[in-house]
Structures are given as C-alpha cells and as structure tokens.
Amino acid sequence: FLAAADGLGSIAIDTTQLNMSVTDPTAWATAMNNLGMVPVGLAGQQLVTDSICVPGFDPSLSMMTGITPINPMIPGMGLVPPPPPTDVPVVKEIIHCKSCTLFPPNPNLPPPSTRERPPGCKTVFVGGLPENATEEIIQEVFEQCGDITAIRKSKKNFCHIRFAEEFMVDKAIYLSGYRMRLGSSTDKKDSGRLHVDFAQARDDFYEWECKQRMLAREERHRRKMEEDRLRPPSPPAIMHYSEHEAALLAEKLKDDSKFSEAITVLLTWIERGEVNRRSANQFYSMVQSANSHVRRLMNEKAAHEQEMEQAKESFKNALTGILTQFEQIVAVFNASTRQKAWDHFSKAQRKNIDIWRKHSEELRNAHSEQLMGIRREEEMEMSDDDSGDNPSKKLRVDDSALAAQAYALKEENDSLRWQLDAYRNEVELLKQEKGQLFRTEESLTKDQQLQFLQQTVQGMQQQLLSIQEELNNKKSELEQAKEEQTHTQAMLKVLQEQLKSAKELAEINGHDESQANEINVLTVALVNQDREKNSEKRSPGLKSEKEALLIGIISTFLHVHPFGANIEYLWSYMQQLDSRISANEIEMLLMRLPRMFKQEFTGVGATLEKRWKFCAFEGIKTI
C-alpha cells in the first residue's frame, strides 16, 4: 500500500492547507497520503520531493527534442516508482475533507473497471455523486489531484472534470469506488458511490492531434536535415561544346592525370549530340586520343598482375616454412610418445601431450592440403596452357567462350560501322569543298583521294560482310553444340529410367541373389562406361610422382586380391606406408582411372558391399 501511495503521490500538487479537527491524526495523515495532500491542520513536510515531482517539467520538451511523449504515471519511466506486486492487496484509507468524507471500498471486491484511455485524455467522468453535491464540493475534492480548468455538472448526479495536464487524470482515477458522504448526514441524498473513468473530449483530442502534427513536422524537418547532410555533393557542371573547349579537352585527354575528368566531358558531349559534319574530325581525333590510353591501362594491369603473382609466391613460401615448423613440432611429439621417454611422464602430462599432438597433426594436415591445393592450381594452369598448344586433343565447345567471342565480334562490327560513318562524313565534306566551276590540279588530286576513299569503303564493307558470315558460322556451331548436349542428356535420362525399371521388375518378381548381382554389375558397368567416356575427354593425367607410386602399390595390392577389396581395407593397408593419406584421396585416384580400376557391388540388401578390382589387363585384352 505504501508503494502505491508513493506512486500516486509522485506528482506535484497544490499544497492547500485544510483546517479541521481530527480525532486520530495518524490515521488521518495516512489517508491524506493516498492523494499526496498535506494533512489538514498539521504543519508537515510535503510527501513528494521536488526532484521527483519535477515542478518545472515542460510537457512540450519531448516535442522539441523529437522524443515520443511519455505519461509520467507510467511505471518504469523514472517519474514514479513501479507499481506494487499484483499479489499484494492495496488498502485504501478514509479521506476527510472540509465538506465531506470519502470512505474506501471493500478491499475484497475487484477493482473498478475503466474504459480504454483515449489519446491525450485530460477529462474524467465522475458518476454516482450525491444529489446534494455542489460544484464547490466537487472542486474541493478533485482539486487536490491537480489544476482544474473546467467542471461540467449535470442534474443526474454526474459531472465531467477537465484537468490542466494528462498525468492529473491518473490521480483522479484512484478515487473511483470511494463512497462520498456530505458532512455527518445519513440522508440518502447526501451520499453516493463515486465512479471515475476516462472521458473522451473533443478539446483533448484536438490538442493531442496538434501535438502529434507538430512532432511530425519536427521529424520531417530532422529527416530532411539529415538527408541534406548525407547527400553526396553534386558533380561539377560540364561546359558547352566549342572549338576552344574542344582544343583544351584534346590536350587534357593526352595527360594521364586529367584523363578521367576529360573522358567524362567527351562522353557527355557525344551523348548530347554535339557531333556533326563539321566537328566529326575533331571528335575523331579526341576518340583516337582516348584509344591511345588502352596500352597504358593494359601495362598497369600487367604490373598489378605481376604484384599479385609475387604476393602469391611469397605466401606460398611462407606457408611452406610454417608447414616445415609444424612437421618439426609433430616430430617432437612423436619422439615424446616413444616408450623410452613416455614412461617418465605422469598420466596428466601424457594426456596433455596426446591432445597437443593430435591438434598439431590436424593443423599440419590442414596446411599441407592448402599448400597442395595451391600447387594443384598451378599445375592445372600449366596443363591448360599445354593442352591449348596440342592439336591432337579434341576441341570442346564451350558456351561461355563462344558467347565471349560473339560479343567481341559484335564490338568489332560496331567499331567498323563507326569508322565507315566517319569515312562517309569525310567524303561528303570533300564533295562540298570541291569546286564545280574550276577544275584545277588540286581538284584532280581530290578526285583521286575520293576514289581512294571509295575503294577503302568498299574494302571495309567486304571485311564487314566476312565478319558477319564468321559470326553466323559461330552461332550455328554454338547451336549444334547445344543440340548435341541436350541429345546426350536425353539419352542418359532414358538409360537411367530403363535401369530403374529393370531394378523394380527384379524386386517385384523376387529374383534370387544372382539376378540382383547381375543388375548391380550392369549398373556399375553403365556407370563405368559413362565414366570412361567422360574421363577420355576430361580426366587429366598423373599430376605428381607420388600419385604414380600410389597407383603402382594399389595395382599390386588389388592384383593379389582377384575378388577385389573395399576402400576401408585398401586404406588400412596404405596407412601403414603413409599415415597422412586419406580414404577419400585413394577413392578419387581410383575414380580418375576407370581403365585400370573398376568398382563392383556384391551382396544384396544389408550385405551390399562396394569393392574395387584391378582391370588393366582386361582392357589390354579387349584392345
């Protein structure tokens, strides 16, 4: 109860002194605390301090700072303490006023219900007033909750009270449920049970809307200021075309430091349509100057690529040094685990050494795989370069390469068309400059130049036609390649469906184990046949001497096992020779050589097992 009384008394109110005699000052003072009023006839300290009441609080402060308005009575906002726990009942005391007495409701009854609070509510509805209650008595009771701006009393024992601030309404709601008795009379007309509830008033809603609109205006202004602050600066204005500006731009295009700015101006002029018959030569010279920077850009790119290669080389060398140190650390751990030194360590020391050794081996293997990956990439780049020079390999149609080539041909076609337009403009200028009345030696030389230009144009046209024919041929080849690819995929799907249907028939008819093995063998044969076709086109040769050594050992091992061996058995044997090799690496190596090794399935159901066999001699016999 004390927490609730402090929460309701955390708002500044008028400290009007009320003079009346009391029989029990302590109980009466407790009742006055419920409304945050100074006890009548007692010179006491105000229950709420100025720091909590915030007497100088300006409700419009939130509007100026862009903070959402808060209700000071909301718990947890810092102006009032949090409400008491729901399981602790709030006990209300008797409240004595000058002209009336307020008796609290039964604490066992549920709290009085209230409607949903309207936005910006400053008006309360007070019902259940005594019939003889006057406006002065109502003001005497409710002015302790805050400044009252208006009281509208009805003849039917209810009234509406409008306060100056929103938080004053919450203190008035606290009086809901109290029984009001005027003086010491027991007449029915001098008593009534108060019902205080939120009221919806147009003035409150209008003021709330005005505040919201002001907040919205301030928010829009703040966002506009933020956008203006974050907006990038406008690009500099580009001057209009003139012969003088064109001459200056031509000089800037030759300067490497001013090239970026100058090329932007040139692009803008061309897009504006400044190119005409008279300025075509000048624009052509500027375009030619822009083209001269291509070699410089390619040299810069080559320099950056060289720096990247040097960085890769330094990274590879550093990684090699790190891997060497990891090998030394692992060697130290391996030497420590030998019986000669292992017996002298305690149990905890052995456990730590074992953990460190496993961690070091994992890091060593990870760095080793990364270094091997870098070397594989380098070897694949070298093999790609060698395969490009070898004419005996089959040409594979690459969609991306053909598309890039077609795009390059289109670009060349456009450039030739632009050159042709430039030559035509020059021819027309020469025709205009040519005199119709006087034919001198200069006019004859111009005719010769004109004929030469016409022959050049014809040659350009023929070259353009040949390029277009080549482009059409490339497109037809691309379409043929796509058709072959789709046909191959369709054939593969048909074979897969036939194989699936054959397996289903075998399961339905309940064939024995030999028939299931035949289906498995057929499956593996089809897969191996497909794999052989793909490997002939795509599988690279042996990459290192280590792989050749592994193939020799695996071939010998599988040759002495004519019925084949699974990958786990083979890997356990290879682990004795090289502890760093993995089963996945062995399986990838076997799959890359389908003419030497083949995979077969044996058993049915739970006993189904994959085995690898050595089949190099069978391939020699079939050849």
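Keep in mind the model is a prediction, meaning the values are calculated, not measured. (Residues numbered from 1 in each chain as written. Predicted model: local features only at pLDDT ≥ 70, side-chain atom pairs only at ≥ 80, totals over all residues. Heavy atoms only, no water.)

Along the backbone of the chain there are 20 helices and 10 strands. Across the 623 residues of the chain, 27% fall into the buried class. By sequence separation, contacts in the chain at least 24 residues apart represent 66% of the contacts at least 6 residues apart. Carbon and sulfur atoms form 54% of the exposed surface of the chain, whose accessible area is close to 42300 Å². (Helix = DSSP H or I, 4+ residues; strand = E, 2+ residues; numbered from the N terminus. Buried < 20%, exposed > 50% of the residue type's maximum accessible area, 1.4 Å probe, protein only. Contact = heavy atoms within 4.5 Å. Areas by Shrake-Rupley, 256 points an atom, 1.4 Å probe, with all protein chains shown as cover.)

The residues that UniProt annotates with the feature "coiled-coil region" (unreviewed entry) are residues 287-314 and 406-498. The span residues 287-314 carries 96% helix and 0% strand; its end-to-end C-alpha distance comes to 41 Å. (UniProt positions renumbered as here; feature names shortened; annotations may be inferred.)

Below, the discussion takes up the pattern of salt bridges. Enumeration over the complete set of coordinates arrives at 25 salt bridges. For E207, the salt bridge identified is with K122, shortest N-O distance 2.8 Å. Taken together, the residues E207 in helix α7 (residues 202-230) and K122 in the loop between β2 (100-103) and β3 (123-127) connect sequence positions 85 residues apart. Note that E378 is salt-bridged to K316, the shortest N-O span being 3.3 Å. Linking E378 in helix α13 (residues 347-389) with K316 in helix α11 (residues 293-336), this pair joins segments that are 62 residues apart in sequence. Through salt bridges with shared partners, a single ionic network connects E327, R364, K546, D578 and R580. (Salt bridge = Lys/Arg side-chain N within 4 Å of Asp/Glu carboxyl O.)

Right, let's talk about helix α19 (residues 583-591) for a bit. Those residues of α19 that fall on the buried side of the exposure criterion are I586, L589 and L590. Buried residues along α19 cover an arc of 100° about the axis, so they all sit on one side. Against α17 (545-559), α18 (567-577), β9 (597-602) and β10 (609-614) lie the buried residues of α19. (Arc of directions from axis to C-beta.)

Taking strand neighbours across the sheet as the criterion, the 4 strands line up as β4-β5-β3-β8 in an open arrangement whose pairing is antiparallel. A strand with exactly one partner marks an edge of an open sheet, and here the two such strands are β4 (148-153) and β8 (195-198). Direction aside, the axes of adjacent strands within the sheet are offset by 20° on average. Pairing analysis gives 5 bridges linking β3 to strand β5 (residues 158-163), with the strands arranged antiparallel. (Pairing = 2+ DSSP bridges. Axes fitted to C-alpha atoms, helices over the stretch in contact; angles between N-to-C directions.)

Here the focus is the packing of helix α8 (residues 243-254) against helix α10 (residues 280-291). Two numbers describe how α8 lies on α10: the axes approach to 9 Å, and their chain directions differ by 15°. Comparing the axis directions of α8 and α10 gives the class roughly parallel. As for how α8 packs across α10, the hand of that crossing is left-handed. Contact with α8, carried on its side by E243, A246, A247, L249, A250, L253 and K254, involves Q282, M286 and S289 of α10 and no other residues of that element. Per-class residue counts for the contact of α8 with α10 are 6 nonpolar, 2 polar and 2 charged. (Parallel < 35°, antiparallel > 145°, perpendicular 65-115°, else oblique. Left-handed = near helix turned anticlockwise from the far one by under 90°. Nonpolar A, V, L, I, M, F, W, Y, C, P; charged D, E, K, R; others polar.)

Right, let's get into unusual backbone geometry. Unusually for a residue other than glycine, N157 sits at a positive phi of about 60°. Relative to the helices and strands, N157 resides in the loop between β4 and β5. Judged by relative accessible area, N157 falls into the partly exposed class, the value being 26%.

Okay, the packing of aromatic side chains next. The way to describe two aromatic rings as a pair is by their centre distance and the angle between their planes. Summed over all chains, the structure comprises 9 aromatic pairs. Judged by centre distance (4.7 Å) and plane angle (25°), the ring pair of F557 and Y573 falls under stacked. With F557 in helix α17 and Y573 in helix α18, this residue pair connects regions lying 16 residues apart in the sequence. The buried category is assigned to F557, whose relative accessible area is 7%. Taken together through their ring pairs, the aromatic side chains of Y241, W269 and F283 make up a single cluster. In this structure, R296 is placed above the aromatic ring of F259, and the distance from its NZ or CZ to the ring centre is 5.8 Å. (Phe/Tyr/Trp six-rings, centres within 6.5 Å; stacked < 30°, edge-to-face > 60°. Lys NZ or Arg CZ within 6 Å of the ring centre and 35° of its normal.)

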